[in-house]
Amino acid sequence: MPYQWSETSPPARLRLWPHRSMTNAGFAWFMGATFALVCLPLVAVVGSPVMWALLPFVIGAVGLTMFAIRWKDREMTMSEELTIGETTVALVRREVRGPDRRWEANPHWVQVALHKAGGPVENYVTLKGGDREVEIGAFLSPDERAALYDDLSRRLPARP
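Residues numbered from 1 in each chain as written. Predicted model: local features only at pLDDT ≥ 70, side-chain atom pairs only at ≥ 80, totals over all residues. Heavy atoms only, no water.

1. A look at the packing of aromatic side chains
For clarity, the cut-off: We call Phe, Tyr and Trp rings a pair once their centres come within 6.5 Å, taking the six-membered ring for Trp, and we label the pair stacked below 30 degrees between planes, edge-to-face above 60, and tilted otherwise. Geometrically, a charge over a ring is one whose NZ (Lys) or CZ (Arg) sits within 6 Å of the ring centre while staying within 35 degrees of the ring normal.
By the definition in use, this model includes one aromatic pair. Stacked on the ring of Phe-27, the Lys or Arg Arg-70 has its end atom at 3.8 Å from the ring centre. When the ring centre of Trp-5 is taken as origin, the NZ or CZ atom of Arg-155, which lies over that ring, is 3.8 Å away.

Right under this line is the structure:
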């Protein structure tokens, strides 16, 4: 699950993050293998002027691949943090670009809702407190959002 509860202090904290399909070690292996496979055809022309004509294109292709993967990796640094205290429930969404988005409500009035259909995604989870309703875990898979709803329902029981 790409979320984790932390209860070392009185307020419970939930940290959510998007999936990262490739670790840094996996990225290094992938780029090394890509470079080796792209350079393999150059072995036939080593020492000739043709190699020097093809080499900039090989380096450019590998460089653009590396740039594209790292660019997408940077997009995955967003996260959400939910803090459930005795007097307030706060949700902070840390965006890649732009300021953090914050939401706070009284925990007594917070309601957790699971919209199985009708939302922008399947199993859409929202928190409602006061006059504002916010989504949580939009980047999770439908099964993970359902599990998140169960966790949140246990910690924030439904109120009339």
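Let us keep going from here.
2. Comments concerning the layout of surface pockets
Definition in use: Using a grid of 1 Å spacing that covers the protein atoms alone, one calls a set of points a cavity when a 1.4 Å probe fits there but cannot get out, and a pocket when the set is open and has protein on both sides within 12 Å along at least five of seven lines; lining residues are those with an atom within 4 Å of a point. Grid points are joined across faces, edges and corners, and a volume is the space filled by probe spheres set on the points. Secondary structure elements follow DSSP: runs of H or I no shorter than four residues count as helices, runs of E no shorter than two count as strands, and numbering proceeds from the N terminus.
The volume enclosed by the largest pocket comes to roughly 160 Å³. Elements supplying a minimum of two residues to the lining of the largest pocket: β4 (89–94), β5 (101–105) and β8 (132–135).

3. A short note on the sheet that holds strand β7 (residues 124–129)
Put simply, the rule reads: We call two strands paired when DSSP finds no fewer than two bridges between them. Here, axes are lines fitted to C-alpha atoms. For helices the fit covers the stretch in contact, and angles between N-to-C directions go from 0 to 180 degrees.
If you trace the three strands from one edge of the open sheet to the other, you get β6-β7-β8, paired in antiparallel fashion. Either end of the sheet is taken by a strand with one partner, and the two such strands are β6 (111–115) and β8. Neighbour to neighbour, the strand axes of the sheet diverge by 30 degrees on average, direction disregarded. Strand direction decides the pairing type here: β6 and β7, joined by five bridges, are antiparallel. Its bridge partner lying in β7, Val-112 is registered against Leu-127.

4. Observations regarding the pairing of strand β3 (residues 79–84)
Spelled out, the test is: Only protein chains enter the accessibility calculation, which uses a 1.4 Å probe; a residue whose area is less than 20% of its type maximum is buried, one above 50% is exposed, and one in between is partly exposed.
Among the six residues that make up β3, five are buried, leaving the element largely enclosed by the rest of the structure. With five bridges connecting them, strand β2 (residues 12–16) and β3 associate as antiparallel partners. Residue Ala-12 lies in a different strand from β3, and its bridge partner there is Ile-84. If you look at the hairpin formed by β3 and β4, you'll find four residues sitting between the two strands.

Just distances and angles here, no functional claims.
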